[in-house]
Amino acid sequence: MTTACPWDDWNHILKIDPDKELPEGVTYGDLCATGTDAIEVGGTMGITEENMEAVVEACAEHDVPLYQEPSNPEVVIDNRALEGYLIPTVFNAGSPFWITGAHKEWVRLDGDMDWDRTWTEAYIVMNPEADVATYTEADCDLDAEDVAAYAEVAERMFGQEIVYLEYSGMLGDEAIVQAASEATEESTLFYGGGIHDYDSAAKMATHADVIVVGDLAHDEGVEAVRETVEAARDA
Ligand SMILES: CC(C)=CCC/C(C)=C/CC/C(C)=C/CC/C(C)=C/COP(=O)(O)OP(=O)(O)O
Ligand SMILES: O=P(O)(O)OC[C@@H](O)CO
Ligand SMILES: [Mg+2]
């Protein structure tokens, strides 16, 4: 059976962190109207069911696909406004907990999984300064060959539909993004980290299938995000 993957047609994702404020005068509705293909709600630190629900509710009435990206099983919310759940698994994590352990606990405690709305993202975490790197004790000391190999393992051995090259907080090394792109044929390559204007978005979008923009929405607002959407479409 083949399942249609909505992200096959995406260029751009906006990731909203429920633990961060929006710039003055900016609403969640404004962010939904930037032309982004989808919104992922998630972050590493300070995530609760309450702040997740608040953001999902605020985005629900706007016409953009909404996904939750939980950082642990306790913050997964049951909200019909969500198209589904994008569940990270961190291939270069320091502990198996962040590869399969948290997932096992989630399934064990849930008992009634919504598999039709659940997908995984095979993360390769690259910025040692990011919260997500500390949280998962990721080994970020990887060169282009390591990253390409992880991406190929994710696609060929673990059948991952999404490979996510994560530089959260910094702009990545273009040669490494290119290597990940060349290593994947079937998987969709997400790139996220440090995209802050048209040029940085365009650069990463020439290699990645989908670019993810996060902090820019919280730090700069709507116009800056819109530029990155344009760049992703032009690439
Ligand atoms: C099994 C379930 C339901 C959950 C576990 C999922 C896993 C393995 C999570 C570990 C990786 C993680 C924390 C992913 C969250 C998404 C992410 C990388 C957000 C960006 O993080 P940062 O930008 O570093 O964090 P802040 O912006 O919060 O500082
Ligand atoms: O916040 P930035 O640096 O844009 O990163 C986006 C996303 O990949 C974070 O998970
Ligand atoms: Mg962040």
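Residues numbered from 1 in each chain as written. Chains lettered and ligands numbered in written order. Predicted model: local features only at pLDDT ≥ 70, side-chain atom pairs only at ≥ 80, totals over all residues.

Looking at an unreviewed UniProt entry, one finds the chain named Geranylgeranylglyceryl phosphate synthase and attributed to Natronorubrum bangense JCM 10635. Of the chain, the UniProt comment under Catalytic activity (unreviewed entry) reads exactly: "sn-glycerol 1-phosphate + (2E,6E,10E)-geranylgeranyl diphosphate = sn-3-O-(geranylgeranyl)glycerol 1-phosphate + diphosphate". Regarding the chain, the relevant UniProt record gives this comment under Pathway (unreviewed entry): "Membrane lipid metabolism; glycerophospholipid metabolism." (UniProt positions renumbered as here; feature names shortened; annotations may be inferred.)

Looking now at the overall build of the chain. When its secondary structure is counted, the chain shows nine helices and eight strands. Compactness check: the chain gives a C-alpha radius of gyration of 16 Å against a globular reference of 18 Å for 235 residues, within 12% of the reference. A burial count over the chain gives 43% of its 235 residues as buried. Taking contacts inside the chain between residues at least 6 apart in sequence as the whole, the part at least 24 apart equals 70%. (Helix = DSSP H or I, 4+ residues; strand = E, 2+ residues; numbered from the N terminus. Rg over C-alpha atoms; globule rule 2.2 N^0.38 Å. Buried ≥ 20, exposed ≤ 12 C-beta atoms within 10 Å, placed from the backbone. Contact = placed C-beta atoms within 7 Å.)

Within the chain, residue pLDDT values average 97, and 99% of them lie at 70 or more. Scored as a whole, the predicted complex attains pTM 0.97, and scored at its interfaces, ipTM 0.96. (pLDDT = per-residue confidence, 0-100.)

Below, the discussion takes up the site of ligand 1. Taken together, 28 residues lie near ligand 1, and Gly43, Thr44, Asp131, Val132 and Ser168 sit nearest. Those elements that place two or more of their residues in the shell around ligand 1 are strand S4 (84-90), helix H3 (101-110) and helix H4 (131-135). No other element matches the four residues that S4 contributes to the shell around ligand 1. Class assignment for the residues of the shell around ligand 1 results in 13 nonpolar, ten polar and five charged. (Near = placed C-beta within 6 Å. Nonpolar A, V, L, I, M, F, W, Y, C, P; charged D, E, K, R; others polar.)

A few words now on the packing of helix H7 (residues 198-205) against helix H9 (residues 222-234). Between H7 and H9, the least distance of the axes is 8 Å, while the angle of their chain directions is 30 degrees. The interaxial crossing formed by H7 with H9 has right-handed handedness. For the pair H7 and H9, contact is made by Tyr198, Ala201, Ala202 and Ala205 and by Glu227, Thr228, Glu230, Ala231, Ala232 and Asp234, respectively. Residues of the contact of H7 with H9, tallied by class, amount to six nonpolar, one polar and three charged. (Axes fitted to C-alpha atoms, helices over the stretch in contact; angles between N-to-C directions. Left-handed = near helix turned anticlockwise from the far one by under 90°.)

For the rest of this paragraph, the subject is the site of ligand 2. The environment of ligand 2 is made up of 13 residues, and the closest members are Ser168, Gly192, Val212, Gly214 and Asp215. At the level of elements, strand S8 (210-213) and helix H8 (215-219) are the ones that each hand at least two residues to the shell around ligand 2. When its residues are assigned to classes, the shell around ligand 2 shows four nonpolar, six polar and three charged.

A word on unusual backbone geometry. One can expect most non-glycine residues to show negative phi and most peptide bonds to be in trans. With phi around 50 degrees, Glu137 is a residue other than glycine that occupies positive phi space. For Glu137, the position within the fold is in the loop between H4 and helix H5 (144-157).

All right, on to the packing of H5 against helix H6 (residues 174-183) then. Pairs of packed helices are described in terms of their axes, by the angle between the two and the distance that separates them. Running from amino to carboxyl end, H5 crosses H6 at an angle of 30 degrees, the nearest separation of the two axes being 8 Å. Compared by their axis directions, H5 and H6 come out roughly parallel. Crossing hand, H5 versus H6: right-handed. For the pair H5 and H6, the contacting residues are Ala144, Val147, Ala148, Ala151 and Glu152 in the first and Ala175, Ile176, Ala179, Ala180, Glu182 and Ala183 in the second. (Parallel < 35°, antiparallel > 145°, perpendicular 65-115°, else oblique.)

You can see Asn127 is positioned in the loop between strand S5 (118-125) and H4. Using a count of 19 C-beta atoms within 10 Å as the deciding quantity, one classes Asn127 as partly exposed. Distance from Asn127 to Asp141, taken between C-alpha atoms, is 9.1 Å for residues 14 residues apart in sequence. Once you skip the residues sitting within four places of it in the chain, Asn127 turns out to touch Ala133, Cys140, Tyr167, Ser168, Gly169, Met170 and Gly193.

With that settled, the discussion passes to the UniProt feature "binding site: Mg(2+)" (unreviewed entry) in the chain. Look at the UniProt record and you will see "binding site: Mg(2+)" (unreviewed entry) annotated at Asp17 and Thr44. These annotated residues cover 28 residues of sequence, and their C-alpha atoms lie no more than 8.5 Å from one another, placing them together at a single site. Note on placement: Asp17 falls in the loop between strand S1 (12-16) and helix H1 (28-32). Setting aside anything within four residues of it in sequence, one finds Asp17 in contact with Gly43, Gly214 and His218. Looking at the secondary structure, you find Thr44 in the loop between strand S2 (38-41) and helix H2 (49-60). For Thr44, the contacting residues outside a window of four places in its chain are Ser71, Asp131, Val132 and Tyr135.

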